[in-house]
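This is what each chain is made of:
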Amino acid sequence: MKKLLALTLLGVVMTTTTAQARDTDEVRLAIDVPYEPFVYRTPAGELEGFEIDLGNELCKRANLDCTWVEQSWDGIIPGLLSRKYDAILSSMAITPERENQVLFSIPYYNTPSVWITRRDRDIDISDKDALEGLSVGVQRGTIRDSYVTQMYGDTLDIHRYSSSQDVANDLISGRLDLSFEDYPLAVDTFHFKDDDSEFKKIGESIKKPVSIFGKGAAMAFRKRDKALAEKFNQAIRDVYADGTYEKLMKQYFDYDLSLPVGEK
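In the annotation of an unreviewed UniProt entry, the protein is listed under the name Transporter substrate-binding domain-containing protein and assigned to Chromohalobacter moromii. Regarding the protein, the UniProt comment filed under Sequence similarities (unreviewed entry) reads as follows: "Belongs to the bacterial solute-binding protein 3 family." Quoted verbatim from the Subcellular location (unreviewed entry) field of UniProt, the annotation for the protein is "Cell envelope".

Structural data, given as structure tokens:
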């Protein structure tokens, strides 16, 4: 009888805990800082950027009280699964591997990745023989890490860093020959589109294969939190539909990272 009572009480506690997790309007959003112009800290220490503005707008549309939690990229999914926060809103690409671990929202943007080197370097990224011994920097655990590992692991000397800023610092200082970077971050960090930039983009912009690059960037949730994910899905649809997304995008980018209606 005591064992039955104990099991009953345990079931009540577990049910109550699960319900409470979804009944509250308080949501903690994880983000990796910095990742300009998506997120960065002002001199006053405030978080700003495209994803901060978008996330705050989505929370308002979903009637949720959101707070931001800073989390390094290599621990961002484990932190979600261990309930350190309730969702990830940090330029996370939808990939098959990640879909095995988390529940994704509909995507809210998609950008290519690009190869960056110094302007005075003559590097042909399509000639693998000529790449032998050259170094490339990537942020550890990203889709770009996966791409260079699978496609160039037997050719390039791959340096993995905990942050994209560390990659940029080593390319700027000359300790790397190449960087493989997210397009908007490369624009903001290296200004390679400017005539007087010391850096340039080489080769084609890359979005494939889908098995590595996924279908775009989306929010990530624990798999059981379907109701929370759907609240944000509807908020994403709404900011696209009424022009708010485009308005926010144009504050930070001079190119289009929105998705066609059919892809959301």
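This is not the end of the story, as more comes after the structure.
Enquirer: What exactly am I supposed to notice about the sheet that holds strand β4 (residues 65-70) here?
Expert: Whenever strands of a sheet pair, they do so through backbone hydrogen bonds, lying parallel or antiparallel. Strand order in the open sheet made by the five strands is β4-β1-β5-β12-β6, with mixed pairing throughout. The open sheet has two edge strands, β4 and β6 (103-104), and neither has a second partner. Strands β1 (26-31), β4, β6 and β12 (217-221) of the sheet are contacted by helix α10 (residues 226-241), whose axis makes an angle of about 150 degrees with β12.

Enquirer: Even after reading the chapter, I still don't get the nonpolar core, so can you show me in this structure?
Expert: Across soluble globular proteins, you tend to see nonpolar side chains buried next to one another. Among the nonpolar cores identified, the biggest contains 51 residues, and Leu29, Phe50, Leu58, Met219, Phe232 and Tyr245 are the most heavily contacted of them. It is α10 that contributes the most residues to this core, seven residues altogether. Not counting residues up to four positions away in its chain, the partners in contact with Phe50 are Pro37, Phe38, Tyr245, Leu248, Met249, Tyr252, Phe253 and Leu257. Ala93, Leu134, Leu156 and Ile202 belong to the second largest nonpolar core, which has 20 residues in total.

Enquirer: Sorry if this is basic, but what is going on with the packing of aromatic side chains here?
Expert: Each pair of aromatic rings is reported with the distance of its centres and the angle of its planes. By the definition in use, this model includes 19 aromatic pairs. Consider the rings of Tyr183 and Phe192, whose centres lie 5.8 Å apart with planes at 85 degrees: the pair is edge-to-face. Taken as a pair, Tyr183 and Phe192 share a single burial class, namely buried. What links up through ring pairs into an aromatic cluster is the set Tyr35, Phe38, Phe50, Tyr108, Tyr109, Tyr183, Phe192, Tyr240, Tyr245, Tyr252, Phe253 and Tyr255. Here Lys128 stacks its cationic end above the ring of Tyr152, 4.9 Å away from the centre of that ring.

Enquirer: So what exactly am I meant to see when it comes to the sheet that holds strand β7 (residues 113-118) here?
Expert: Within the open sheet, the five strands sit side by side as β9-β8-β10-β7-β11. Their pairing is mixed. Strand pairing shows two members of the sheet lacking a second neighbour, β9 (157-161) and β11 (199-206), which therefore form its edges. Recorded for the sheet is a direction-independent mean angle of 30 degrees between the axes of neighbouring strands. As paired strands, β7 and β11 are joined by five bridges and run antiparallel to one another. Residue pairing for β11: Thr117 is matched across the bridge by Lys200. Set on the sheet, helix α8 (residues 183-190) makes contact with β7, β10 (178-182) and β11; between it and β10 the angle comes to about 120 degrees.

Rules used in this analysis
- Along each chain, numbering runs from 1 in the same order as the chain's sequence is written.
- Only residues with pLDDT of at least 70 get local features here, since the model is predicted, and only at 80 or more are side-chain atom pairs given and counted; chain-wide, interface and lining totals rely on the full set of residues.
- Here the side-chain values reflect all heavy atoms present in the structure, with hydrogen atoms and water set aside.
- UniProt positions are given in the numbering used here, feature names are shortened, and annotations may be inferred rather than shown by experiment.
- Strand pairing is assigned whenever DSSP detects at least two bridges linking the two strands.
- Runs of H or I in DSSP of at least four residues are treated as helices and runs of E of at least two as strands, each being numbered from the N terminus.
- Two residues qualify as a contact provided that any one of their heavy atoms is within 4.5 Å of a heavy atom in the partner residue.
- Only the contacting stretch of a helix is used when fitting its axis, a line to C-alpha atoms as for every element, and angles between N-to-C directions run 0 to 180 degrees.
- Only buried Ala, Val, Leu, Ile, Met, Phe, Trp, Tyr and Cys residues count toward a nonpolar core, and they belong to the same one when joined by side-chain atoms within 4.5 Å.
- Relative accessibility thresholds used throughout: buried, under 20% of the residue-type maximum; exposed, over 50%; partly exposed, between the two (1.4 Å probe, protein chains only).
- Any pair of Phe, Tyr and Trp rings, taking the six-membered ring for Trp, is counted once the centres come within 6.5 Å. Such a pair is stacked with planes under 30 degrees apart, edge-to-face with planes over 60 apart, and tilted for the rest.
- Two conditions define a charge sitting above a ring: the NZ of Lys or the CZ of Arg must be within 6 Å of the ring centre, and it must be within 35 degrees of the ring normal.

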